[in-house]
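# Coordinates in review
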Amino acid sequence: MTRPSFREHERKLFESFLFRDTKSAWDKNENQRYLHDCIVKTSTFLKVRDREVSFLVGRKGSGKSTITHVLPLLSNRPPMAVVRIDFEQLPLTLCFNELSSRMEQFEELAKTFSPLYSYQLVWDAFLHLICAWELRESLPERSHLRRLLLQLVDTPVDSIIDETERTAVITKSLFAYSLRKLLDFVGPRTHAALSPLALPAKVASFTPSKFRDFVLGPKCAAIIATALNQITASNGRILITVDGFDTMTGYFTSHGHTSRDQNDFELEILLALLQTVLNKGPARLSGGKIYDVSDFCIAIPYDRFIALRVEDRDRYQYRHRFAAVEWSGMELSALIRKRLALLAKVPDPRGRLLEDRFSDVMRRGFPQFPDQLDFHFGSRKYRLPLFSYVLRHTFWRPRDVLFYFAALLTAFRPYERAKRQMPTEFVRQVIAGSTRFIVEDEFIKEFEDSFRNLRQVISAFRHAPQVLSWNGLKKRLDPLRFDMSTQEIAPANLEWKVEQLYNIGALGIILDYTTADKLSAYRHAFSFNEGRLLSDKLGRDLYPSLQYALHPVFEECLLLNTSQNPELVLPMGWADLHLNEEFRQTRPIT
């Protein structure tokens, strides 16, 4: 390969990782060289790193996977062992078929032993097994536990080069074994259920420690306990990350299954994991040493988390155990600046205002981009920083912002060669032309399983004014049914429908200056920049008096009428972004 073609190939790979990759790739060794120069230690990341929370809840593309990947690499004290669990690798179809083939035990599980509690026992056993696998190199060569693990994972995984495939084999083998042992454990007890005298003793024996001994054998359980005690004695920790919930939404439906039993099984398996972690063991009983020495980072999509909480009676437990993966505008500017500095190979000195650092990187690396965009909207003239103009077309997620900048970088090449600045109107055209991809590939696809007729609902606003009154919303939304998996109100009223559109970021509120000052909020309030302001601070009695705005990302694809807008929607400059960050009490960016 000649030198020029090699450099071009390297540039394409680098740019692909920095701007167009659709899933976090920080767990790949070849990308870890960019780690310290590229990762933004957001407020949410710091909460997880400091062990304040166990659950990450965020929308698609918000960076949940990135946090699970970089956490062991950027912890103040690296964990002694890292266990990665991917829900996509769980053999749920196999497990459900196994349950179905042993219907007697399955039905007894539902009638006598509670599936939710039973699946917590499965998770408990699986966590012990997979942690033991990670610690296996420290076990004696002739250890009973080592022999058991090698029997369960009968594929020679050390010969598998691909790390993802190796992890999948281990995960499938150990989880399927744990569930099969549950059925074996329940089997004798189904017959005892026929005898009123024998039933109490059999039910009483259905405990985490007894089931763990049944799965592992007493000798292996004792070996794991010893290993965990040694970790405690050395002040070590185990980090357990769980990701891949995004692929689990509607799992059985996507695999051609539709029965109620299958959907219940999916939900109960997921909820059982959350309960096991929340309670530090199955059903608030003493769960074992593993929960004392382990830190959990479980990434859950926003819509999936809401559905799980609807089913869980103990919702209060989640309050202080989860963090929403939400980015401030300034954090997003830091993410883009870091990647642009790497791409252009220009310095990114610390110690200055974030907006000055952003402008400096752009001036040094991409002088053909305008620093500010000057344009007219209606009868008013606006002057917005380039980053702010991009941000107003996003849902404040990394992938949205990265996508727009990738489009801009592709479009600016001719101006780079000609050494002339890209005109403001051309920048606006590039961004406008990219909005359809954000709506289709990010927004619609994110919610199509949980909000099944979202496309129909959004299409109801075609040719609508961008700024709407309550009556304007009523005209378009009253005839529509919202086909949502989390619906709790039947029939759904207009207030509930508006809240759903606000919560997913499609609809915002335009506050008057007095109300905005009183609430310490930006006048154009959307869920991504002002949280649950609509339902939590304003209340339904005020809804009819408010002005509403559709997100600017819909202007082109819905052909919204902006001629009657009193002002541009979401014109947030650097000063506005700083104030927004103060109001949200975001920690300093490092």
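## Describing the overall build of the protein
Counting its secondary structure elements, the protein contains 29 helices and 11 strands. The buried share of the protein, reckoned over its 590 residues, is 57%. Counting contacts in the protein only where the partners sit at least 6 residues apart, residues at least 24 apart contribute 73% of the total. Element-wise, carbon and sulfur atoms account for 50% of the exposed surface of the protein, whose accessible area totals about 26,800 Å².

## Regarding the sheet that holds strand β1 (residues 55-58)
Read from one edge of the open sheet, 5 strands run β2-β3-β4-β1-β5, paired in parallel fashion. Only two strands of the sheet have a single partner each, and these edge strands are β2 (81-86) and β5 (322-324). Across the sheet, the mean angle from the axis of one strand to that of its neighbour is 15 degrees, orientation sign disregarded. Across 5 bridges, the pairing between strand β3 (residues 238-243) and strand β4 (residues 294-301) is parallel. The residue bridging Val242 from the neighbouring strand is Ile298, located in β4. Sitting on the sheet, helix α7 (residues 115-134) is in contact with β2, β3 and β4, with an inclination near 130 degrees to β2.

## Focus: unusual backbone geometry
With a phi angle near 60 degrees, Asn235 is a residue other than glycine that sits in the positive phi range. By the element assignment, Asn235 lies in the loop between α12 (218-233) and β3. Take Asn235: its relative accessible area is 55%, and that puts it in the exposed class. One non-glycine residue, His463, lies in positive phi territory at about 65 degrees. Among the secondary structure elements, His463 is positioned in the loop between α23 (454-459) and β8 (467-468).

## Points about the pattern of salt bridges
In total, this model carries 26 salt bridges according to the counting rule given. Ionic pairing is found between Asp124 and Arg212, a salt bridge with its closest N-O pair at 2.9 Å. Here Arg212 lies in helix α11 (residues 208-216) and Asp124 lies in helix α7, a separation of 88 residues in the sequence. Residue class for Asp124 comes out buried when judged on its relative accessible area of 1%. Given a relative accessible area of 12%, Arg212 falls into the buried group. Here the salt bridges do not stand alone but share partners, grouping Arg59, Arg397, Asp400 and Glu446 into one network.

## Describing the pairing of strand β7 (residues 380-385)
Note: strand β6 (residues 372-377) against β7, 6 bridges, orientation antiparallel. In the strand pairing of β7, Leu373 is matched with Leu384. Between β6 and β7, which follow one another and run antiparallel, lie 2 residues, and Gly378 among them has a positive phi close to 65 degrees.

## Examining the confidence of the model for the protein
Of the residues in the protein, 82% reach a pLDDT of 70 or more, and the chain-wide mean stands at 83. Per-residue pLDDT stays below 50 along residues 250-258; that stretch engages in 18 contacts with residues further than four places along the chain or on separate chains.

## Quick notes on helix α20 (residues 398-411)
The terminal C-alpha atoms of α20, which comprises 14 residues, lie 20 Å apart, in line with the 20 Å expected from a rise of 1.5 Å per residue. Within α20, 12 of the 14 residues are buried, which leaves it mostly tucked inside the rest of the structure. Regarding α20, the residues found buried are Pro398, Arg399, Asp400, Val401, Leu402, Tyr404, Phe405, Ala406, Ala407, Leu408, Leu409 and Ala411.

## Looking at the nonpolar core
Counting residues in each nonpolar core, the largest one holds 121 residues, and the members touching the most others are Leu340, Phe387, Phe405, Phe443, Leu477 and Phe554. Not counting the four nearest positions on each side in its chain, Leu340 is found in contact with Phe19, Phe358, Val361, Met362, Phe366, Phe405 and Leu409. One finds Cys131, Val169, Ile238 and Leu271 within the second-largest nonpolar core, a separate group that totals 73 residues.

## Considering the packing of helix α8 (residues 144-152) against α12
Two numbers describe how α8 lies on α12: the axes approach to 8 Å, and their chain directions differ by 110 degrees. Overall, the two elements α8 and α12 adopt an arrangement that is roughly perpendicular. On α12, the residues that touch His144, Leu145 and Leu148 of α8 are Lys219, Cys220, Ile223 and Ile224. When the residues that make up the contact of α8 with α12 are grouped by side-chain class, the tally is 5 nonpolar, 1 polar and 1 charged.

## Description of the packing of aromatic side chains
Counted under the stated rule, the structure contains 29 aromatic pairs. Between Phe395 and Phe528, the ring centres sit 6.3 Å apart and the planes meet at 90 degrees, which makes this aromatic pair edge-to-face. In this pair, Phe395 sits in the loop between α19 (386-391) and α20 while Phe528 sits in helix α27 (residues 527-530), placing the two residues 133 residues apart along the sequence. Each member of the pair, Phe395 together with Phe528, is buried. Linked through ring pairs, Phe395, Trp396, Phe443, Phe447, Phe526, Phe528 and Phe554 together constitute an aromatic cluster. When the ring centre of Phe395 is taken as reference, the NZ or CZ atom of Arg59 above it lies at 5.1 Å.

## Thoughts on the packing of α7 against α8
Put simply, α7 and α8 touch, their axes get as near as 10 Å, and they point 105 degrees apart. It follows from the interaxial angle that α7 and α8 lie roughly perpendicular. Contact residues: Leu129, Ala132 and Trp133 in α7; Leu145, Leu149 and Leu152 in α8. For the contact of α7 with α8, the class distribution of residues is 6 nonpolar, no polar and no charged.

## Digging into the sheet that holds strand β9 (residues 507-510)
A sheet is described by the order of its strands in space; here 4 strands give the open sequence β8-β11-β9-β10, paired in antiparallel fashion. Two strands bound the open sheet, and with one partner strand each, they are β8 and β10 (524-525). Sheet topology places β9 next to β10; 2 bridges connect them, and they run antiparallel. Opposite Ile509, over in β10, you have Ala525 as the bridge partner. Against the sheet, helix α25 (residues 494-503) engages β9, β10 and β11 (547-550), with an angle of about 100 degrees to β9.

## What to know about the side chain of Arg523
Positionally, Arg523 belongs in the loop between α26 (513-519) and β10. Taking the relative accessible area as the measure of exposure, Arg523 reaches 16% and is therefore buried. At 2.7 Å, the side chain of Arg523 and the side chain of Glu567 are in polar contact. When residues no more than four places from it in sequence are discounted, the contact partners of Arg523 are Ile509, Ile510, Leu511, Asp512, Tyr513, Ala516 and Glu567.

Conventions we followed
- Residues numbered from 1 in each chain as written.
- Predicted model: local features only at pLDDT ≥ 70, side-chain atom pairs only at ≥ 80, totals over all residues.
- Heavy atoms only, no water.
- Helix = DSSP H or I, 4+ residues; strand = E, 2+ residues; numbered from the N terminus.
- Buried < 20%, exposed > 50% of the residue type's maximum accessible area, 1.4 Å probe, protein only.
- Contact = heavy atoms within 4.5 Å.
- Areas by Shrake-Rupley, 256 points an atom, 1.4 Å probe, with all protein chains shown as cover.
- Pairing = 2+ DSSP bridges.
- Axes fitted to C-alpha atoms, helices over the stretch in contact; angles between N-to-C directions.
- Salt bridge = Lys/Arg side-chain N within 4 Å of Asp/Glu carboxyl O.
- pLDDT = per-residue confidence, 0-100.
- Expected span 1.5 Å × (residues − 1).
- Core = buried A, V, L, I, M, F, W, Y, C linked by side-chain atoms within 4.5 Å.
- Parallel < 35°, antiparallel > 145°, perpendicular 65-115°, else oblique.
- Nonpolar A, V, L, I, M, F, W, Y, C, P; charged D, E, K, R; others polar.
- Phe/Tyr/Trp six-rings, centres within 6.5 Å; stacked < 30°, edge-to-face > 60°.
- Lys NZ or Arg CZ within 6 Å of the ring centre and 35° of its normal.
- Polar contact = N/O pair within 3.5 Å; in protein donor to acceptor, adjacent residues only side chain to side chain.

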